[in-house]
Amino acid sequence: MLPTNYRGASSVRFVPGDFQPTAEQLAIQRCQNRYVIAMSAAGSGKSTTIALKVMENVRYGKDPRKILVLTFSREAAQVIRRIIAKLSNDAQLANAIKCVAFDDFCVEVLNGFGYERADQLSSMDEVCAYVRKAAANIKKREDDRVRPLEIVLPEHNEQITEFVRNARLMKANLLSPDLDEDETYEDRAIRYGLPESFFYIYREVERVRGTGSYYDDRPAAWRSEFDATFDLARMLIETQGRIRMPTYEFVAVDELQDMNPASYEVLKWLLDPSRESVEGSIAAEILGPKPVYFIGAGDFDQIIHGWAGSNIRFMKERFGAEWQSSSVVRLTLSSTYRHGPIMAKMVSALMGDGSDNDRVRSGRSHKTEVRVERYADHGAAAGKLVAALVDFRKRGGRLDDTAIILRSPYQSILVENALFEAGLNWRIEGMESYLMRPEVLVLRGIMAFALDDLTTIPGDDKFSKVISSLLLWQQFEWAPERLQGKYLKDAAKDPGLNFQHFLQGVLLRPRTIYDRRVARLSWERQSMEETALLERIQALNRSGQTAKAEDLRRRSDYESSTVGETPEERRNRLRLDASVALIRGAAPDAPAHVLLEQVVATLDMKNKARLLFVDPAMARMVSQSLDGFVQSAKRRNCSLREFANWLKEVDIALRKARPMNTLLVCSVEAAKGQEFEAVLLPFLEAGAFPARDADPHEERNRFYVAVTRVCDELTLLVPEDEQRVSPYVKSLKVARSLREGGFLDLCSDENR
């Protein structure tokens, strides 16, 4: 049933040669309302629908160069361009239509203003360097104050990554770094509901980056992901749209659910033709501007990027609020072609309103098999996961088209270990292998040092990350150049010599006044200063100024010999020393898990995680990761040396893995936008999925994304205890869906 305000042509003008659109797609293609919002199910062909709508506009006479298709990733933009080329059988036409990622489009607009182009930073490492620079600026300013503010600054990669993530959320919601007249940092922090330290560093990073103001003589010097959208949105607000934006007659947006306030601000100006007369012609001024037509397609059940500013409340309350209601029509794409009718029934039950109405229908003729496996504990779950994979491969399934989707990174510990023991190759997306997580690298580094066997951590890159992780957890305040300098690289290249010196000469030695002073310098600059001091003393002695030479030497000796560490630094050092002594003093056959539990407690790692990371979810994930690592050692039931060597073997196996016949282990976020022949979802229990203290609506959407990635075979792993089973699994009504589809009932009565 079409909405009452739907206006459509009697027939379509564009008919693809070898493709028959569905009735829902044809309704969208024929629609002549100015604003069309296509609410789609996973796998319903929304990108194809956008391409059909684009070609319909071309057949109606719109200039292809006046058509804009915006997506939220470059890959998605390329996909739509390929679909247009395939449907039209005209690659030249497809290339004439602008298909571009939202942020890339904003970069192009900003570059057209005639300013010197900002550097585009493509990696987190590049961004980290600027955040460290901003932190150093703040530290220097505060050190020079009589009463410095107590500010916690991000200095290590994990803290900076967390800061960048939270800063992006602020930009997505158009939260300005500027202060109003007579407003203090504390005032603005309270207004935004943020720690004062966070707003302080946010403002300084933006100052270092450049304001991005249209009227500023110093525009942005660099931009990272999403900065261009933020900058352009602010300029549009600041100038009330007086800046010249490119004009289009038809605009389409894919993955509409990822829209946020900043990107919406840009879209509003693109869709508002009143900001300037079309082409500046006299006729246009008399007749008025041409209306810009719009289609946006998205699956609003896939809103899982709350940290990036997208949320269902914004889409319901603010998106399109300025448009005339009679011009807006909402149509559906409810038939999925990714999975079969059983999965469609399950998804309808999960996301429905409790009625028996099927929210999602399947257009596929063959079924998607659904298997439910129960486990007694997490170790058994990992074993059943591997057994299911081996069985799938025996039946002809392709592991390179198979995904294990995890809710949280800590869950990969058991999964990776089980895959290694079974001889199955895997690759990681959306998270790091547990072997490379900072908290695990700290423990592996201490193990290697205490056991005097540094070969248990293979690879220069690993040692470099071990060193960085130890610095993070010991809360060393070093300049960016020092963290990335030659000394640490040399320590990584020759661990047998330099890593021992690093631990004994840096981490376990009381920090002196001199250590604190040179912490702001690079290793090379420190060496130059030491050489210059020596040469200065020698020159004074040669010139007979022995008293001055002796005074310089005494001051240098005083700085080098006087301990200047804070109470917290002393506690950290003694805890590390005690941890190393604990392992060295243990019996050779002492259980690894017992020693590791004691080391985690001695270092107070779980409490320290809450100090290092502002986000409670990050601190909780670190704690779960530590527990998982200790449990992994317990399951091995071996000595610490044996466990360290076993980790080395897992490490080497992961490094040697190749994409061919390699299954994917990924986060839900990384799986979004992909589809697989087989999907396995382990650890589906309350407290894990949904994650504890997470937003329940966003968690349900995450689960929806995870289950709808499957094409042919879905395996759900749930606890034997029915009370612990994830409520989302129960909402799927697996048994009822299987029974209605004529398949074997695999679940208990409580899931009917």
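Predicted model, so just to flag it, every value in this text is computed and none were measured.

Q: Residues and numbers for the overall build of the protein chain, please.
A: The helix and strand inventory of the protein chain stands at 33 helices and 16 strands. Surface exposure of the protein chain reaches about 34000 Å², of which carbon and sulfur atoms provide 49%.

Q: Tell me about the sheet that holds strand β13 (residues 426–429), residues and numbers included.
A: Sheet architecture is open: six strands sit in the order β11-β16-β15-β12-β14-β13, paired in parallel fashion. Both outer strands of the open sheet, β11 (369–375) and β13, are each paired with one neighbouring strand and no more. On average, each strand axis in the sheet is inclined to that of its neighbour by 20°, with strand direction left out of account. Looking at chain direction, strand β12 (residues 402–406) and strand β15 (residues 676–681) are connected through three bridges and run parallel.

Q: Pulling in residues and values, what's your account of the nonpolar core?
A: Generally speaking, nonpolar side chains in soluble globular proteins are found buried as a group. Ile 404, Leu 419, Ile 446, Phe 629 and Phe 643 are the most contacted members of the largest nonpolar core, which has 80 residues in total. Ranked by residues supplied to this core, first place goes to helix α17 (residues 438–450) with nine residues. For Phe 643, the contacting residues outside a window of four places in its chain are Met 447, Ala 592, Leu 596, Phe 629, Ser 632, Ala 633, Arg 636 and Cys 638. Among the nonpolar cores identified, the runner-up in size contains 39 residues, and Ile 37, Ile 243, Leu 271 and Phe 319 belong to it.

Q: Lay out the environment of Arg 168 with the relevant residues and their values.
A: Here Arg 168 shows up in helix α7 (residues 157–172). Engagement of the side chain of Arg 168 in a polar contact is seen with the side chain of Glu 225, the distance being 3.5 Å.

Q: Could you give an account of helix α15 (residues 378–394), naming the residues involved and the relevant values?
A: If you check α15, its first and last C-alpha atoms are 25 Å apart, about what 17 residues at 1.5 Å a residue would give, namely 24 Å. Every buried residue of α15 is accounted for by Ala 381, Ala 382, Leu 385, Val 386, Ala 388, Leu 389 and Phe 392. Here the buried residues of α15 occupy an arc of 155° about the axis, which is enough to place them on one side. Looking at the packing, one finds that the buried side of α15 touches β11, β12, α16 (412–422), β14 (663–667), β15 and β16 (710–719).

Q: Account for unusual backbone geometry, with residues named and values stated.
A: Cis geometry marks the peptide bond from Phe 689 to Pro 690; its omega dihedral reads 15°. In this fold, Pro 690 is placed in the loop between β15 and α31 (696–707). At Asn 89, a position not held by glycine, the phi torsion is positive, near 55°. The residue Asn 89 is located in the loop between α3 (74–88) and α4 (91–96) in this model. When its relative accessible area of 72% is taken as the criterion, Asn 89 is described as exposed. The phi dihedral of Phe 683 falls on the positive side, at around 60°, and the residue is not glycine. Position of Phe 683 relative to the elements: it lies in the loop between β15 and α31. Taking the relative accessible area as the measure of exposure, Phe 683 reaches 4% and is therefore buried.

Q: Outline the side chain of Glu 565, listing residues and values.
A: Along the chain, the position of Glu 565 falls in the loop between α24 (546–561) and α25 (567–584). A polar atom in the side chain of Glu 565 sits 2.7 Å from the side chain of Arg 573.

Q: Residues and numbers for the confidence of the model for the protein chain, please.
A: Mean pLDDT over the protein chain works out to 82, with 85% of the residues at or above the 70 mark. The low-confidence segment residues 276–284 (pLDDT under 50) makes 12 contacts with residues lying over four places distant or belonging to another chain. Low confidence marks residues 741–752, where pLDDT is under 50. Its contacts with residues over four positions away, or in another chain, come to 32 contacts.

Q: Can you tell me about the packing of helix α5 (residues 102–111) against helix α11 (residues 261–270), naming the residues and giving the values?
A: When two helices pack together, their arrangement is given by the angle between the helix axes and by the axis-to-axis distance. Closest axis-to-axis distance for the α5/α11 pair is 11 Å, and the angle between their directions is 60°. Our classification of the angle between α5 and α11 gives oblique. The hand of the α5/α11 crossing is left-handed. Between α5 and α11, the contacting residues are Phe 102, Phe 105 and Cys 106 on the first element and Ser 263, Val 266, Leu 267 and Leu 270 on the second. Of the residues belonging to the contact of α5 with α11, the class tally is six nonpolar, one polar and no charged.

Q: For the packing of helix α1 (residues 23–30) against helix α2 (residues 46–59), give the residues involved together with the corresponding values.
A: Running from N to C, α1 and α2 point in directions that differ by 35°, and their axes come no closer than 9 Å. Regarding α1 and α2, the two cross each other, and that crossing is right-handed. Along the contact surface, α1 presents Gln 25, Ile 28 and Gln 29, while α2 presents Thr 48, Thr 49, Leu 52, Lys 53 and Glu 56. For the contact of α1 with α2, a count of residues per class yields two nonpolar, four polar and two charged.

Q: Requested: an account of the packing of aromatic side chains, with residues and values cited.
A: For the structure on display, the rule yields 14 aromatic pairs. The interplanar angle of 50° and the centroid separation of 5.1 Å between the aromatic rings of Phe 163 and Phe 198 together place this pair among those described as tilted. Highlighted residues: Phe 163 in helix α7 and Phe 198 in helix α9 (residues 196–209), separated in sequence by 35 residues. Of the two residues, Phe 163 and Phe 198, neither departs from the other in class, the shared state being buried. In this structure an aromatic cluster arises from ring pairing among Phe 420, Tyr 434, Phe 629, Phe 643 and Trp 646. We note Arg 584 situated over the ring of Phe 449; from NZ or CZ to the ring centre the distance is 4.6 Å.

Q: So what about the pattern of salt bridges? Which residues, and what values?
A: Tallying each qualifying case throughout the model produces 49 salt bridges. Lys 46 serves as the salt-bridge partner of Asp 254, at 3.0 Å between the closest nitrogen and oxygen. Taken as a pair, Asp 254 in strand β6 (residues 250–254) and Lys 46 in helix α2 lie far apart in primary sequence, 208 residues in all. With its nearest N and O atoms 3.4 Å apart, the salt bridge here joins Asp 551 to Arg 555. Of this pair, Asp 551 and Arg 555 both sit in helix α24, separated by four residues, roughly a single helical turn. Asp 551 sits in the partly exposed class, given a relative accessible area of 34%. Ionic contacts of the salt-bridge type, sharing partners, join the residues Lys 171, Glu 206, Arg 209, Arg 223, Asp 227 and Asp 231 into one network.

Q: Now, about helix α28 (residues 616–636): what can you tell me, with residues and values included?
A: Spanning 21 residues, α28 covers 31 Å between terminal C-alpha atoms, matching the ideal 30 Å at 1.5 Å per step. Regarding α28, the residues found buried are Ala 619, Met 621, Val 622, Ser 623, Ser 625, Leu 626, Gly 628, Phe 629, Val 630, Ser 632 and Ala 633. Positive phi shows up at Asn 637, right after α28, with a value of about 50°.

Q: I'd like a rundown of the sheet that holds strand β2 (residues 67–71), residues and numbers included.
A: Strand order in the open sheet formed by six strands is β3-β2-β6-β7-β1-β8, and the pairing between neighbours is parallel. Lying at the two open borders of the sheet, with one neighbouring strand each, are β3 (98–101) and β8 (328–333). Shown here is a sheet whose adjacent strand axes are inclined to one another by a mean of 15°, direction ignored. With four bridges joining them, β2 and β3 adopt parallel strand pairing. Bridged to Thr 71 within β3 is Ala 101. Against the sheet, α3 makes contact with β2, β3 and β6, and its axis sits at roughly 160° relative to β3, the strand it touches most.

Q: Describe in detail the pairing of strand β7 (residues 293–298), supporting the description with residues and values.
A: Counting buried residues along β7, five of its six residues qualify, which places the element largely inside the surrounding structure. The pairing of strand β1 (residues 35–40) with β7 spans five bridges and is classified as parallel. Pairing of Tyr 35 across the sheet is with Phe 294, part of β7. Bridge count for β6 against β7 is five bridges, and the pairing is parallel. Bridged to Phe 250 within β7 is Tyr 293.

Conventions adopted
Residues numbered from 1 in each chain as written. Predicted model: local features only at pLDDT ≥ 70, side-chain atom pairs only at ≥ 80, totals over all residues. Heavy atoms only, no water. Helix = DSSP H or I, 4+ residues; strand = E, 2+ residues; numbered from the N terminus. Areas by Shrake-Rupley, 256 points an atom, 1.4 Å probe, with all protein chains shown as cover. Pairing = 2+ DSSP bridges. Axes fitted to C-alpha atoms, helices over the stretch in contact; angles between N-to-C directions. Core = buried A, V, L, I, M, F, W, Y, C linked by side-chain atoms within 4.5 Å. Buried < 20%, exposed > 50% of the residue type's maximum accessible area, 1.4 Å probe, protein only. Contact = heavy atoms within 4.5 Å. Polar contact = N/O pair within 3.5 Å; in protein donor to acceptor, adjacent residues only side chain to side chain. Expected span 1.5 Å × (residues − 1). Arc of directions from axis to C-beta. pLDDT = per-residue confidence, 0-100. Parallel < 35°, antiparallel > 145°, perpendicular 65-115°, else oblique. Left-handed = near helix turned anticlockwise from the far one by under 90°. Nonpolar A, V, L, I, M, F, W, Y, C, P; charged D, E, K, R; others polar. Phe/Tyr/Trp six-rings, centres within 6.5 Å; stacked < 30°, edge-to-face > 60°. Lys NZ or Arg CZ within 6 Å of the ring centre and 35° of its normal. Salt bridge = Lys/Arg side-chain N within 4 Å of Asp/Glu carboxyl O.

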